[in-house]
Amino acid sequence: MDLTLIVVLVIALALFFDFTNGFHDTANAMATPIATGAMRPKVAVALAAVLNLIGAFLSTEVAQTISGGIINEGPGGVQITPEMIFAGLVGAIVWNMVTWLFGLPSSSSHALFGGLIGAAIVGAGFGSVNFLVVLNKVVLPAVIAPFTAGVVAYCATKLAYWITRRYDGRPDGRGGFRYGQIFSSSLVALSHGTNDAQKTMGVITLTLIAAGLQEAGSGPELWVVVACALAIAIGTYSGGWRIIRTLGRGLTEVKPAQGFAAETSTAATILASSHLGFALSTTQVASGSVIGSGLGRRGSSVRWGTAGRIAIGWVLTLPAAGIVGAVAALIAILGPIGILIDTVVGVAIVAFIFWRARRNRVTSADAAVPVPVQGQSEVAASGRVVKIKKVKPLKKQREKRKSA
């Protein structure tokens, strides 16, 4: 296959992955403010889209970790081909779509890494992967970051409730945290764009280097940054209501103070990791923060069954995407016909998943949670839904029976 054509195909597939990353990970920033009523669902995803777009321009450290770290390339390294990168992206997209269908907040980042690693091993052997970088900048952050974010969110939640303890017993005394959530969730969306959009930038840059169209060791070109920023922003705006529902309502009942603490912890962890070039999973960090905030609020409970299913998805993501990427690479080795088969099968799987999702459609209305009116308790607010009849005095009931 013509080199220019395969490069174009890889870039197009990478941008589609970036799009799926956007709607898959919208929940990281906006699940909790939607759950507490701090923002309306469609307003929340629109704000997240704009901030993802801006965040993509703030750093390229993570992009360089991918383009010049995980996969060896250039002088002294094993040259991975664009065909293998294409196969790796197929693996990442398929796993992203499967987990989206089931509403699991799995890691788009690890799906990408797994797909690339599986394809690289098939195409160029184990020497094509820098496992030390994978361990230091992917695996260890995946273990440490969610735990760290959870501990920070737990402490922040305890602190928030201690500072506002004078509101204990009042129905909606801490509702003011909803205004703080607008800021904190915006910070998460900004940091998500800073971290996740760069991963696609790194893949495209790796492709250009592998094709000899860009110098080894160089960072992403401006047009790559712009294209990736737009793709993830459009994906974010399209919403990821299935995963928003799981993260906002499935793990724990989120109150405004909790949401503020969780979002602040998530943003701080992601921004610090982006600065250090750690390509961590924003989904894992956000999930860890929500669990930590749930443990930090007295009287709150964490649904450990849901948390367990999410954790299983985390563990499976890297190897599962790697297996799909490896299979796609085995087919891609056949040449142009292999690339065509990968494309047709990939499109068919994605189309089937979208069709299957329409049978059990989840919309913004399903993700939103009704919030009591300011100053009303949840019991008082429920009176709007449940009509309670007044019970007549016992004496009047007896008189009515006698007259009858």
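Residues numbered from 1 in each chain as written. Predicted model: local features only at pLDDT ≥ 70, side-chain atom pairs only at ≥ 80, totals over all residues. Heavy atoms only, no water.

Asks: Can you walk me through the overall build of the protein chain in this structure?
Replies: Counting its regular elements, the protein chain contains 16 helices and zero strands. Looking at the protein chain as a whole, 53% of its 404 residues are labelled buried. (Helix = DSSP H or I, 4+ residues; strand = E, 2+ residues; numbered from the N terminus. Buried < 20%, exposed > 50% of the residue type's maximum accessible area, 1.4 Å probe, protein only.)

Asks: So what exactly am I meant to see when it comes to the pattern of salt bridges here?
Replies: Side chains that differ in sign of charge can pair as their charged atoms come close. Taken as a whole, this structure holds one salt bridge when the rule is applied. The partner of Glu253 in a salt bridge is Lys255, with the nearest N and O atoms 3.2 Å apart. (Salt bridge = Lys/Arg side-chain N within 4 Å of Asp/Glu carboxyl O.)

Asks: Could you clarify how one ought to interpret the nonpolar core in this entry?
Replies: Nonpolar side chains tend toward joint burial in soluble globular proteins. Among the nonpolar cores identified, the biggest contains 84 residues, and Met30, Ile70, Ile85, Leu89 and Trp100 are the most heavily contacted of them. Setting aside residues up to four positions removed in sequence, Leu89 forms contacts with Val10, Leu13, Ala14, Phe17, Leu112 and Val203. (Core = buried A, V, L, I, M, F, W, Y, C linked by side-chain atoms within 4.5 Å. Contact = heavy atoms within 4.5 Å.)

Asks: Please explain the confidence of the model for the protein chain as it appears in this structure.
Replies: In low-pLDDT segments, the atomic positions of the prediction should not be examined closely. The share of residues in the protein chain with pLDDT of 70 or more is 81%, and the mean pLDDT across the chain is 80. Residue range residues 371-392 is modelled with pLDDT below 50. Its contacts to residues more than four positions away, or to other chains, number 21 contacts. (pLDDT = per-residue confidence, 0-100.)

Asks: Is there a simple way to explain the environment of Thr306 in this structure?
Replies: By the element assignment, Thr306 lies in helix H12 (residues 304-332). For Thr306, a relative accessible area of 15% translates into the label buried. For the pair Thr306 and Leu247, spaced 59 residues apart in the sequence, the C-alpha separation amounts to 9.5 Å. Once you skip the residues sitting within four places of it in the chain, Thr306 turns out to touch Thr246, Gly250 and Leu251.

Asks: Looking at this structure, I do not really get helix H5 (residues 108-124). What am I missing?
Replies: Note: α-helices contain 3.6 residues per turn, so residues at a spacing of three or four share the same orientation. Spanning 17 residues, H5 covers 24 Å between terminal C-alpha atoms, matching the ideal 24 Å at 1.5 Å per step. When you tally the buried positions in H5, you get 13 out of 17 residues, the bulk of the element. For H5, the side-chain oxygen to backbone nitrogen distance between the N-cap and Ser109 is 3.3 Å, and the N-cap itself is Ser107. Remark: Gly125 follows H5 within two positions and exhibits a positive phi of approximately 90°. (Expected span 1.5 Å × (residues − 1). Polar contact = N/O pair within 3.5 Å; in protein donor to acceptor, adjacent residues only side chain to side chain.)

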